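# Notes for the structure review
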Amino acid sequence: MPVFKTPFNGYSVKFSPFYENRIAVATAQNFGILGNGRLHVLELSSNPSLPITELIAYDTADGVYDVTWSESHDSVVVAAVADGSVKLYDLALPPTSNPIRSFHEHTREVHSADYNPVRRDSFLSASWDDTVKLWTVDRPTSVRTFKEHAYCVYSAVWNPRHADVFASASGDCTLRIWDVREPGSTMILPAHDHEILSCDWNKYDECIIATASVDKSIKVWDVRSFRVPISVLNGHSYAVRKVKFSPHVRNLMVSCSYDMSVCVWDFMVEDALVSRYDHHTEFAVGVDMSVLVEGLIASTGWDELAYVWQHGTDPRAS
Amino acid sequence: MDPNSQSSGSNPPPKPWERAGSSSGPGAPFKPPSGGSTSDVVEASGTAKPGEIVTSTDRNAAINRSTLARPVPARPWEQNYGNTSYGGGALGGYGSSMNYNSGYGSGGMYGSSYGGGLGGVGGMYGGGMYGNSMYRGGGGYGGGLYGSSGMYGGGGMYNSGLGGQMGGYGMGVGPYGGDQDPNNPFNEPPSPPGFWISMLRVMQGVVNFFGRISILIDQNTQAFHLFMTAMLQLFDRSGMLYGELARFVLRLLGVKTKPKKVNHPPGPNGHPFHGQPNSSGNVNYIEGAKTAPSGSWDNVWGNDTSE
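Residues numbered from 1 in each chain as written. Chains lettered and ligands numbered in written order. Predicted model: local features only at pLDDT ≥ 70, side-chain atom pairs only at ≥ 80, totals over all residues.

### A look at the overall build of chain B
Scanning chain B from N- to C-terminus turns up 13 helices and zero strands. When its helices and strands are written in sequence order, chain B yields α-α-α-α-α-α-α-α-α-α-α-α-α. Taking all 307 residues of chain B together, the buried fraction comes to 17%. When contacts within chain B are restricted to residue pairs at least 6 apart in sequence, long-range pairs at least 24 apart make up 63% of them. (Helix = DSSP H or I, 4+ residues; strand = E, 2+ residues; numbered from the N terminus. Buried ≥ 20, exposed ≤ 12 C-beta atoms within 10 Å, placed from the backbone. Contact = placed C-beta atoms within 7 Å.)

This is the structure in structure tokens:
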């Protein structure tokens with residue numbers, strides 16, 4: 001399956017919800033520590049033996065840490081930039097008119113962005129300034145700011161079955177569940193003993209959520225009884241950077257880690273690790289599963305490569 | 001943009017899980033979703049606060065119903081950059097806002113995991129460099145906290161940067177102080193303090209830089225631990241790390257140390273000792289120094305004659 005070489009270190013990859021052959025890759029120069037960033041939009045060929053081509057790329061003055069596709073406009077992407085801004089790009093417009101918006105309210109790096117897949121008119125940004133912000137495309141400022149975390153918020157993700165609910169994962173070792181209509185968080189899960197770097201909701205059960213942590217484990221929780229996790233997935237040998245539930249199979253999830261591997265899990269069986277992919281030669285920090293093509297996985301990492309492959313095949317085989 | 005794709009327009013294809021219908025069953029602890037747009041829903045709930053900027057002081061004052069598993073470290077960039085004012089007051093601001101030690105010190109997470117093994121190296125980074133920090137009388141940086149973890153020796157570096165900047169500040173007040181009398185018609189309008197502002201920006205960049213590094217290390221504690229362990233093992237394997245280091249320091253101070261004594265003249269045939277004509281000179285020197293007391297070179301010559 002195809003590979004794409006990015007000039008900078010990969011940070012995040014997302015499949016378009018509109019086009020099965022389109023992905024966006026967020027990258028940052030010098031491992032995201034210092035320098036510029038670039039947002040790539042890539043097109044997969046229908047023939048897997050052909051290389052991935054670049055549709056367009058946008059440069060930014062600081063690293064791009066995350067990207068999310070609009071659920072309402074097929075050509076719009078939202079980038080989370082390390083200078084604290086959230087930028088909107090419209091691929092349909094000429095490069096000179098992009099970005100079409102740049103929201104600058106966060107006072108520190110923005111580490112994640114997530115578009116509401118249910119109501120499709122808003123998105124979240126999570127930042128190292130400890131806050132999560134809610135934005136709509138039609139307003140010049142954020143609609144609301146959620147500030148309760150005591151340390152960097154690494155990820156904020158909408159519940160895919162509930163338009164008003166989202167979760168945030170933070171370095172203060174808690175996962176918080178929020179309802180945008182409530183003034184404070186509705187649930188606090190002290191989920192790990194170390195920082196939580198990522199979280200994601202199960203697509204088939206609105207009460208199930210997974211957290212990935214520096215303690216190398218992934219935990220799966222039921223928010224109805226969150227004292228004890230449903231499942232603890234061990235297998236990564238370093239901090240787990242991202243976790244994502246499959247859009248197609250209820251119990252399947254994928255994760256990537258600082259141990260440079262991408263793992264696929266079935267959290268309901270005892271031997272939870274389904275497969276491990278060791279194709280990255282540096283930290284694997286971005287992973288996604290296609291909503292439109294079952295089993296299609298994309299990953300990116302600090303080895304400046306973006307891979308797209310079918311689950312069960314070798315990502316390096318071309 | 002791409003007219004030949006399967007769907008364009010305002011809605012993506014239905015998600016696989018939407019086709020599957022609801023499966024979570026009763027008991028979901030969420031209020032039923034509201035209708036309308038997100039901004040309307042939020043405004044109707046009375047929680048909207050458009051465009052709120054959260055500064056670090058705000059954040060500290062915010063209600064925190066947290067159930068934290070461990071004390072949270074202060075962030076490296078919490079240095080009151082935003083609201084620094086010119087003049088003496090700024091220094092007070094710096095001093096009071098830097099509370100690094102609370103988090104890591106009491107948390108003990110790093111300290112315990114790196115403790116013994118890294119003691120020596122930690123001392124190298126920590127103790128010397130930061131012990132005399134003018135801002136931290138207590139020497140919180142030094143041996144105790146960051147010293148033992150080693151990795152925050154690196155973290156500490158940005159503080160030395162800050163120190164420089166604050167020193168710069170003090171000087172900056174001088175030139176501007178006298179000249180800028182707003183009522184003096186002969187003075188040009190006060191020009192922006194270009195150099196110091198740009199200096200500030202540079203320092204902000206430095207703080208950002210180390211802030212990001214420290215976050216990365218935060219996110220990847222074990223990898224760093226492994227790296228440091230490997231480095232130490234490497235040094236340890238040569239077995240000479242600390243001895244050589246001590247000798248190097250002594251040499252810097254002008255103290256001559258003992259290994260000079262093995263500097264012998266070679267024997268008459270280039271073979272200092274009999275019986276081992278083909279072995280390297282080094283080995284012989286060392287063995288000779290051990291067996292023969294100093295000043296006994298006559299014996300060596302004597303040995304040679306007995307050959």
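And the narrative resumes.
### A few points about the nonpolar core
All names here are of chain A. With 113 residues, the main nonpolar core has Val64, Val77 and Ala79 as its most contacted residues. The leading source of residues in this core is strand 7 (residues 76–81), at six residues. Residue contacts for alanine 79: discarding those within four places in its chain leaves Ala26, Leu39, Val64, Val67, Lys87 and Tyr89. (Core = buried A, V, L, I, M, F, W, Y, C linked by C-beta atoms within 7 Å.)

### Re the sheet that holds strand 1 (residues 3–5) of chain A
Residues and elements named next belong to chain A. The four strands are arranged 1-28-27-26 in an open sheet whose pairing can be described as antiparallel. In this open sheet, the two edge strands, each paired with only one partner strand, are strand 1 and strand 26 (284–289). Neighbour-to-neighbour, the strand axes of this sheet turn through a mean angle of 15 degrees, independent of strand direction. Summarising the sheet, strand 27 (residues 296–301) and strand 28 (residues 305–310) pair through five bridges and their orientation is antiparallel. Each bridged residue has a counterpart across the sheet, and for isoleucine 297 the counterpart in strand 28 is tryptophan 309. (Pairing = 2+ DSSP bridges. Axes fitted to C-alpha atoms, helices over the stretch in contact; angles between N-to-C directions.)

### Observations concerning the confidence of the model for chain B
Residue and element names in this part refer to chain B. Here chain B averages 55 in pLDDT, while 31% of its residues score no lower than 70. Long-range and interchain partners of residues 260–296, a stretch whose pLDDT sits below 50, account for 30 contacts in this model, where long-range means more than four residues apart. Below pLDDT 50 for its whole length, residues 302–307 participates in six contacts with residues either more than four positions away or in separate chains. Both scores are given for the predicted complex: the pTM is 0.67, the ipTM 0.82. (pLDDT = per-residue confidence, 0-100.)

### Details of helix 9 (residues 194–219) of chain B
Given a rise of 1.5 Å per residue, 26 residues ought to cover 38 Å, and the 37 Å separating the end C-alpha atoms of helix 9 of chain B matches this to within 8%. All of the buried residues in helix 9 of chain B are Val207, Asn208, Phe210, Gly211, Arg212, Ile215, Asp218 and Gln219 of chain B. (Expected span 1.5 Å × (residues − 1).)

### Structural notes on the sheet that holds strand 17 (residues 187–189) of chain A
Residues and elements named next belong to chain A. Taken in spatial order, the four strands line up as 14-15-16-17 in an open sheet, and their pairing is antiparallel. Each having just a single partner strand, strand 14 (153–158) and strand 17 make up the two edges of the open sheet. Put simply, the sheet's adjacent strands are angled 20 degrees from each other on average, direction ignored. As paired strands, strand 16 (residues 175–179) and strand 17 are joined by three bridges and run antiparallel to one another. Counted as the bridge partner of isoleucine 177 is methionine 187 from strand 17.

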